[in-house]
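Examining the three-dimensional arrangement
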Amino acid sequence: MGRRSFPWLLTEVPWAEGPQFTRGTYEGLPLLSYGCAPRDKLATYRQLRAMGLRPGGQDPVAVLFVRHRASGTTSFASLYLIERAAPVRPMTRAKFTALAKANLARRICRRCGRDPLYVLPTSTRLCWPCSEIADTSTAHAA
Ligand SMILES: [Zn+2]
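Throughout what follows, the structure given in this document is the object of discussion. Quick caveat, the model's predicted, so the values are computed rather than measured.

Thresholds, definitions, all that
Residues numbered from 1 in each chain as written. Predicted model: local features only at pLDDT ≥ 70, side-chain atom pairs only at ≥ 80, totals over all residues. Heavy atoms only, no water. Helix = DSSP H or I, 4+ residues; strand = E, 2+ residues; numbered from the N terminus. Rg over C-alpha atoms; globule rule 2.2 N^0.38 Å. Buried < 20%, exposed > 50% of the residue type's maximum accessible area, 1.4 Å probe, protein only. Contact = heavy atoms within 4.5 Å. Areas by Shrake-Rupley, 256 points an atom, 1.4 Å probe, with all protein chains shown as cover. Polar contact = N/O pair within 3.5 Å; in protein donor to acceptor, adjacent residues only side chain to side chain. 1 Å grid on protein atoms, 1.4 Å probe; cavity = no way out; pocket = protein on both sides within 12 Å on 5 of 7 lines; lining within 4 Å. Points joined across faces, edges and corners; volume = space filled by probe spheres on them. Nonpolar A, V, L, I, M, F, W, Y, C, P; charged D, E, K, R; others polar. Core = buried A, V, L, I, M, F, W, Y, C linked by side-chain atoms within 4.5 Å. Phe/Tyr/Trp six-rings, centres within 6.5 Å; stacked < 30°, edge-to-face > 60°. Lys NZ or Arg CZ within 6 Å of the ring centre and 35° of its normal.

What the chain contains, in helices and strands, is 3 helices and 9 strands. The linear arrangement of helices and strands in the chain, starting from the amino end, is β-β-β-β-β-α-β-β-β-β-α-α. In terms of overall dimensions, the chain is more spread out than a globule: its C-alpha atoms have a radius of gyration of 29 Å, far above the 14 Å expected for 142 residues. Over its C-alpha atoms, taken along the principal directions, the chain stretches across nearly 90 × 35 × 20 Å. Buried residues in the chain amount to 25% of all 142 residues. Within the chain, contacts between residues at least 6 apart in sequence are counted, and of these 43% link residues at least 24 apart. Accessible surface for the chain amounts to roughly 10,300 Å². Of this, 56% is attributable to carbon and sulfur atoms.

Note that T22 resides in strand 2 (residues 20–22). For T22, a relative accessible area of 0% translates into the label buried. Side-chain polar atoms of T22 contact the backbone nitrogen of G24, separated by 3.4 Å. If we ignore the near neighbours within four places in the chain, the residues touching T22 are P7, W8, L9, T11, V13, P30, L31 and L32.

To continue, consider empty space enclosed by the protein. Scanning the entire structure with this criterion turns up 1 cavity of 30 Å³ or more. As a volume, the largest cavity reaches approximately 100 Å³. As for the largest cavity, its lining consists of Y34, G35, A37, P38, R39, L42, A43, Q47, L64 and L79. Looking at side-chain class alone, the lining of the largest cavity contains 7 nonpolar, 2 polar and 1 charged residues.

Quick look at the nonpolar core now. With 10 residues, the main nonpolar core is built from V13, W15, L32, A37, L42, V61, A62, L64, L79 and L81. Elements represented by at least two residues in this core include exactly strand 7 (62–68) and strand 8 (73–81). The residues touching L32, leaving out its near neighbours within four places in the chain, are W15, F21, T22, R23, A37, L42, A62, V63, L64, F65 and L79.

What follows deals with the packing of aromatic side chains. Summed over all chains, the structure comprises 6 aromatic pairs. Clustering of aromatic rings is evident, with ring pairs tying together F6, Y26, F65 and F76. Above the ring of W8, the side-chain terminus of R23 is found at 4.3 Å from the ring centroid.

Following this line, the structure appears as structure tokens:
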């Protein structure tokens, strides 16, 4: 594998009016080198997260490449339009569902298996009717 070069190329891009200088294309997307990507318009996933944003369902509009001089490798990162990014949701649906399930588990009576619609005492995990039965049976046994 030889060292790939990325010659400058004027192309139409989604983030600016009129052709912009790019470094060709990478997997069908305009390729940009570190430093020529407009920081006010494009951001990597990490940069979006740092701004409290997420891609929000949009596809990357460009690819950024960074040459690491020390290791001699090139890494690529997807670039997203900042104006199309969405704020990070404080709680995802998955987190919400997990929390709801945890709350539900705390409501299920371990004797009758029913959900009495209130959170059970953690010491017994029994609903009121069941804890009464448990109390009387222990009273009789004693
Ligand atoms: Zn019960």
